[in-house]
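Working through the structure, step by step
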Amino acid sequence: VQLEEFGGGSVQAGGSLRLSCAVSGRTYDTHAMGWFRQAPGKERDFVATICWSKINIYYADSVKGRFTISRDDAKNMVYLQMNSLKPEDTAVYYCAAHYSTRDYASTSRSEYSYWGQGTQVTVSS
């Protein structure tokens, strides 16, 4: 499984961005997909995840109600729609995948085996 993120950039506070992750390899019925982020000098933190059945979706408290994760397995894509962006959302955002059962998706970084190279998101006040 290979992952590549697109769609990062700079935006003012209150604005929106949509991140995309192109997935190579079969994941539609085998892998949960997630987004993580890492700000300078900080650890890589969980943002959102979706299981491959799409039944279970989880978000970090800090983004709940503002961010939406989705997956289009026909196109081998995963998305993160980010609205009402805040300066504290500034980070490198990573797409990730882990092998999973149908309804399971992990919020733990350690369970993810596959990672993209990351895309920078900068939110100015």
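Overview of the structure. (Residues numbered from 1 in each chain as written. Predicted model: local features only at pLDDT ≥ 70, side-chain atom pairs only at ≥ 80, totals over all residues. Heavy atoms only, no water.)

**Here we look at the sheet that holds strand β1 (residues 2-6)**
Taken in spatial order, the four strands make up an open sheet running β1-β3-β8-β7, and their pairing is antiparallel. Of all strands in the sheet, those with a lone pairing partner are β1 and β7 (67-72), marking the two edges. Adjacent strand axes in the sheet meet at a mean angle of 15° when their direction is disregarded. Across six bridges, β7 lies against strand β8 (residues 77-82) in antiparallel orientation. Bridge pairing in β8 places Ser70 opposite Tyr79. (Pairing = 2+ DSSP bridges. Helix = DSSP H or I, 4+ residues; strand = E, 2+ residues; numbered from the N terminus. Axes fitted to C-alpha atoms, helices over the stretch in contact; angles between N-to-C directions.)

**Digging into the pairing of β1**
The side-chain alternation of β1 yields one buried face, formed by Leu3 and Glu5, and one unburied face, formed by Gln2, Glu4 and Phe6. Bridging between β1 and strand β3 (residues 17-24) involves five bridges; their strand directions are antiparallel. Each bridged residue has a counterpart across the sheet, and for Glu5 the counterpart in β3 is Cys21. (Buried < 20%, exposed > 50% of the residue type's maximum accessible area, 1.4 Å probe, protein only.)

**Quick look at the pattern of salt bridges**
Here the structure, examined in full by the defined rule, presents six salt bridges. Residue Arg26 pairs with Asp29 through a salt bridge whose shortest N-O separation is 2.4 Å. A salt bridge links Arg66 to Asp89; its shortest N-O distance comes to 2.8 Å. With Arg66 in the loop between β6 (57-59) and β7 and Asp89 in the loop between β8 and β9 (91-99), this residue pair connects regions lying 23 residues apart in the sequence. Asp89 shares its class with Arg66; the two are buried. Three or more residues are tied together by salt bridges with common partners; here these are Arg37, Arg66 and Asp89. (Salt bridge = Lys/Arg side-chain N within 4 Å of Asp/Glu carboxyl O.)

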